[in-house]
Structure formats: C-alpha cells, structure tokens
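Now for the letters of each chain:
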Amino acid sequence: LVVANGKLYSGSQDATIRVWALGTYANVAILHPGDTRIAALAASADGRYVVSAHATTVNIDIFKSAAASIPVRLRFWNTGVKAVHQDAGVSLITAQGCVLAFAVDGNTLFAGVGMSVCSLDIEAPKSLAKEPEWAQLAEHNDLVRCLVVTPESILSAGDDRRVIVWDRERRKVVAKLKGHSKAIMSLAIAEEYMLSGALDNTLRVWARTSNTCVVIL
C-alpha cells in the first residue's frame, strides 16, 4: 500500500493497481501494468509517478499523472547494463535480477534490482541520442528488499541481514548496521530513528546520529 497526494494505491496478486480517493474511499482508477502479481509499488509524494514491478518478470512500469487525471503508463523494462530509450519511456537495463523495492523522490526513481540499488532521473530527455543519468550502488551480497530515501541518505536492506546507510550525494556507504539474524523485509525512518523489521521476528530501532541499535522489540 502507498499513500500519496490524497490517494491510496494498492498492488495485488490479481496483477492490478487500484487507486482510491482518501476521504470517500472511492475506487477512481484501475491500472493494468501486466499479467503477474505486483511485487513492488511506490509513488512520488506529489502523485505524479506510480511505479510497479512484477513477481515473475524484470519489467518496471511507470505511470505518469498530470494534475488529477488518471495516470498514463510509461513502460520500463530490463535487459542489459546501460540505459536506452524507447518511444514510450526509458528502459532500465540490468542483468542483476528482479526488482523487489522502490522509492520515488521528486523526479528520481530508486530501485532495489537484484543485489544493487539503482537510480534514474525519470524526467531525463527521451532522445535516442542521449542516455539518461544512471547510477548503481553495489554493496549488498544478496537481494535488496526494501528502500527508504531522504534528502541526505539512502537506506537499503534485504536478504543479507544488513541495513546499509548511503550518503545520497556522494553515493558512498556511511554505515552497515548488523544484528538481524534473518532477512530484513521492511525499513522506516521516524524523526531521529531508523527502524528495521526482519524475519527473525524482531524490530530494531537505530539512532540516526550514531548508527547504533538502541532498542530491540
């Protein structure tokens, strides 16, 4: 589930994304990105972009909405090691595997692709003569399952049981937070704390200033 700009977005095993109006809870749109269940879903805070990935393919779909209109689909898919352009959008190309996590901040899409964190400027020119800026952060040694992005930092975690904190501007590792004994499935930031939830049935609370675990629930 994702909440953005007065709407709730839900991705389901029926391969659809439903858009609901908060307040009235009316279903205002149904998006059909593919024919397999939605594995990851994100939206920009202003509601301009909705991004989805599928459980059994390497496709990434981006829907763009103007004002209050129903989002229009832009197709993104993965096949290699560089970004290329298509008429309907920009292909995110990687040979590293499935997409299990997204975050959208402004015009920048962040995706957990296999064992890497990748980012792309969604508004990059769609000219065949110029490729968009494409960045890749490779520090995990297993699948990335969750991402959180702030103006200063990128947090990523997954099957290698570590939370990696990145400096967003320099694209460098700031800290590797260890302690979970099983895969980390969720991340969140609450004021001066970072939270990680894992399959070891624990929730760890980390201090952002010291990158140390202060509470285990």
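One structure accompanies this document, and this report is about it. For clarity, every value in this text was computed on a predicted model and none was experimentally measured.

1. Some thoughts on the overall build of the protein
- When you go through the protein residue by residue, the secondary structure sums to 0 helices and 22 strands.
- Burial analysis of the protein (217 residues in total) assigns 47% to the buried set.

2. Side note on the pattern of salt bridges
- In total, this model carries 5 salt bridges according to the counting rule given.
- A salt bridge links Asp 160 to Arg 162; the nearest nitrogen and oxygen atoms lie 3.1 Å apart.
- You can call Asp 160 buried: its relative accessible area is 7%.
- Given the relative accessible area of 11%, Arg 162 is considered buried.
- Notably, a salt bridge pairs Asp 167 with Arg 170, separated by 3.6 Å at the nearest N-O pair.
- The class for Arg 170 is exposed, based on a relative accessible area of 53%.

3. What about the side chain of Ser 153?
- Within the secondary structure, Ser 153 sits in strand E16 (residues 153-158).
- Judged by relative accessible area, which is 16%, Ser 153 ranks as buried.
- Residues within four places of Ser 153 in sequence aside, it is in contact with Val 148, Trp 166 and Arg 168.

4. So, a nonpolar patch on the surface
- Together, Tyr 193, Val 214, Val 215 and Leu 217 make up a nonpolar patch on the protein surface, roughly 340 Å² of accessible area in all.
- Of note, Tyr 193 is situated in strand E20 (residues 193-198).
- Given the relative accessible area of 34%, Tyr 193 is considered partly exposed.

5. Details of the pairing of strand E19 (residues 184-190)
- Note: E19 against E20, 6 bridges, orientation antiparallel. Its bridge partner being in E20, Ile 184 is matched across the sheet by Ala 198.

6. Brief notes about the sheet that holds strand E18 (residues 172-178)
- What the 4 strands build is an open sheet, ordered E15-E16-E17-E18; its pairing is antiparallel. For this open sheet the edge positions go to strand E15 (144-149) and E18, each flanked by a neighbour on one side alone. Looking at each pair of strands side by side, their axes are set apart by 20 degrees on average, direction ignored.
- Taken together, the 5 bridges between E16 and strand E17 (residues 162-167) define a ladder with antiparallel strand orientation. Paired with Ala 157 across the bridge in E17 is Val 163.

7. Some thoughts on the pairing of strand E11 (residues 99-105)
- In terms of residue burial, E11 counts as a mostly covered element, since 6 of its 7 residues are buried.
- Where E11 and strand E12 (residues 108-113) come together, 6 bridges link them in antiparallel fashion. Each residue of the ladder has a partner; that of Asp 105, found in E12, is Thr 108.
- Where E11 folds back on E12, the antiparallel hairpin that results is connected by 2 residues, among which Gly 106 adopts a positive phi of roughly 65 degrees.

8. Quick notes on the environment of Ser 116
- With respect to the helices and strands, Ser 116 occurs in strand E13 (residues 116-121).
- Each C-alpha atom of the pair Ser 116 and Val 144 lies 6.7 Å from the other, and the pair is 28 residues apart in sequence.

Analysis parameters
Residues numbered from 1 in each chain as written. Predicted model: local features only at pLDDT ≥ 70, side-chain atom pairs only at ≥ 80, totals over all residues. Heavy atoms only, no water. Helix = DSSP H or I, 4+ residues; strand = E, 2+ residues; numbered from the N terminus. Buried < 20%, exposed > 50% of the residue type's maximum accessible area, 1.4 Å probe, protein only. Salt bridge = Lys/Arg side-chain N within 4 Å of Asp/Glu carboxyl O. Contact = heavy atoms within 4.5 Å. Patch = residues over 30% accessible without salt bridge, like charges linked within 9 Å, V, L, I, M, F, W, Y side chains within 5 Å. Areas by Shrake-Rupley, 256 points an atom, 1.4 Å probe, with all protein chains shown as cover. Pairing = 2+ DSSP bridges. Axes fitted to C-alpha atoms, helices over the stretch in contact; angles between N-to-C directions.

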